[in-house]
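The primary structure of each chain is shown beneath.
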Amino acid sequence: MKGAEMDVIEQVKAQGERVTLPRRLVIEALGQAHDHLTISALQRHIQAEHPDQPMSDTTIYRVLQWLKAIGLVSQTDMGQAGTVYALIDRPQHHHLICLNCGGTITIDDAVFEALRATLSAQYHFMPRIDHMAIYGTCERCADGDNS
Ligand SMILES: [Zn+2]
Ligand SMILES: [Zn+2]
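Cut-off values and rules
Residues numbered from 1 in each chain as written. Chains lettered and ligands numbered in written order. Predicted model: local features only at pLDDT ≥ 70, side-chain atom pairs only at ≥ 80, totals over all residues. Heavy atoms only, no water. Helix = DSSP H or I, 4+ residues; strand = E, 2+ residues; numbered from the N terminus. Expected span 1.5 Å × (residues − 1). Buried < 20%, exposed > 50% of the residue type's maximum accessible area, 1.4 Å probe, protein only. Arc of directions from axis to C-beta. Contact = heavy atoms within 4.5 Å. Axes fitted to C-alpha atoms, helices over the stretch in contact; angles between N-to-C directions. Parallel < 35°, antiparallel > 145°, perpendicular 65-115°, else oblique. Nonpolar A, V, L, I, M, F, W, Y, C, P; charged D, E, K, R; others polar. 1 Å grid on protein atoms, 1.4 Å probe; cavity = no way out; pocket = protein on both sides within 12 Å on 5 of 7 lines; lining within 4 Å. Points joined across faces, edges and corners; volume = space filled by probe spheres on them. Salt bridge = Lys/Arg side-chain N within 4 Å of Asp/Glu carboxyl O. Domains from an automatic or database assignment. Polar contact = N/O pair within 3.5 Å; in protein donor to acceptor, adjacent residues only side chain to side chain.

J.: Would you take a moment to explain helix 4 (residues 57-69) for this structure?
T.: Side chains of residues three or four places apart in an α-helix project in the same direction, reflecting 3.6 residues per turn. Compared with the 18 Å implied by 1.5 Å per residue over 13 residues, the 18 Å span of helix 4 between its first and last C-alpha is a close match. Within helix 4, burial applies to Ile 60, Val 63, Leu 64, Trp 66 and Leu 67. Seen from one end, helix 4 has its buried residues packed into an arc of 160°, which puts them on one side. Facing away from the buried surface of helix 4 by more than 90 degrees, the exposed residues are Arg 62 and Ala 69. Here the buried face of helix 4 lies against helix 1 (4-14), helix 2 (21-33), helix 3 (39-49), strand 1 (73-77) and strand 2 (83-87). Gly 71 sits one or two positions beyond helix 4 and adopts a positive phi of about 80°.

Here it is in structure tokens:
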């Protein structure tokens with residue numbers, strides 16, 4: 001193993017958590033994909049890499065919820081693309097999703113700096129904005145050009 005998944009496994013161990021085989025396979029798949037994956041895409045990936053280790057979607061879901069709880073994986077509802085999971089990378093990024101054409105725009109984490117500061121100052125609340133999907137209308141659709 002190399003790269004992102006190795007860092008995540010080190011972080012898991014540093015938190016005193018056990019790295020069981022299902023946990024390792026899910027982290028490995030997320031790290032190698034370099035992308036957001038749905039549970040079924042993750043399942044296909046693990047199946048292809050480890051045909052001898054079949055994993056149910058329930059098991060994968062449980063591992064993902066655990067990784068999310070300890071702050072290493074983000075879970076994002078991407079609309080038509082489904083609910084996706086990804087290792088939380090730095091710097092983080094987020095998405096704008098058009099409800100009309102389904103087009104997406106990737107945005108920088110810096111746009112949330114002001115929101116984080118406001119929530120912290122006014123509500124003493126530190127939000128965990130891992131990987132956001134914001135829905136709306138893109139420029140092209142707002143202009144009425146749907147072709
Ligand atoms: Zn993303
Ligand atoms: Zn659009």
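J.: I'm lost on the packing of helix 2 against helix 4 in this one. Help?
T.: The angle between the axes and the distance between the axes are what describe a pair of packed helices. Axis separation between helix 2 and helix 4 bottoms out at 10 Å; the angle between their running directions is 75°. In terms of orientation, helix 2 lies roughly perpendicular with respect to helix 4. Each of Pro 22, Arg 23, Val 26, Ile 27 and Leu 30 in helix 2 lies in contact with helix 4, whose residues at this interface are Thr 59, Ile 60, Val 63, Leu 64, Trp 66 and Leu 67. Here the contact of helix 2 with helix 4 is composed, by residue class, of 9 nonpolar, 1 polar and 1 charged.

J.: Where do I start with empty space enclosed by the protein in this structure?
T.: One water molecule sets the probe size; rolling that probe over the atoms shows where empty space is left. Considering all chains together, one arrives at 1 cavity of 30 Å³ or more under this definition. Leu 25, Glu 28, Ala 29, Gln 32, His 45, Ile 46, Glu 49 and His 50 together form the lining of the largest cavity. Secondary structure elements with two or more residues in the lining of the largest cavity: helix 2 and helix 3. For the lining of the largest cavity, the element with the most residues is helix 2, which contributes 4 residues. Of the residues belonging to the lining of the largest cavity, the class tally is 3 nonpolar, 3 polar and 2 charged.

J.: Can you walk me through the pattern of salt bridges in this structure?
T.: Two side chains bearing opposite charge may form a pair once their charged atoms approach each other closely. Tallied over the full model, the rule gives 4 salt bridges. A salt bridge links Asp 109 to Arg 116, with the nearest nitrogen and oxygen atoms 3.2 Å apart. A single network of salt bridges, built from pairs that share partners, joins Asp 109, Glu 113 and Arg 116.

J.: I tried to follow the layout of surface pockets on my own but got confused; where do I start?
T.: Each pocket or cavity is described by its volume, and for the largest pocket that value is around 410 Å³. In terms of lining, the largest pocket is formed by 21 residues, of which the most central are Ala 4, Ala 86, Leu 87, Ile 88 and Asp 89. Of all the elements in the fold, those that place two or more residues in the lining of the largest pocket are helix 1, helix 2 and strand 2. The element that contributes the greatest number of residues to the lining of the largest pocket is helix 1, accounting for 4 residues. In terms of residue class, the lining of the largest pocket is built from 7 nonpolar, 9 polar and 5 charged. Summarising the domain contributions, the lining of the largest pocket has at least three residues from each of domain 1 (1-88) and domain 2 (90-147).

J.: Just to check I follow, could you spell out the domain arrangement of the protein chain for this structure?
T.: The parts lose accessible area when they come together, and the size of an interface is often stated as this lost area. Segmentation of the protein chain into domains returns domain 1 (1-88) and domain 2 (90-147). Contacts between domain 1 and domain 2 engage 13 residues on the former and 12 residues on the latter. Counting the contacts that link domain 1 with domain 2 gives 7 residue pairs in polar contact (both at pLDDT 80 or more). Listed by contribution, the elements that provide at least two residues to the side of domain 1 that touches domain 2 are helix 4 and strand 1. Its residues assigned to classes, the side of domain 1 that touches domain 2 comprises 5 nonpolar, 6 polar and 2 charged.

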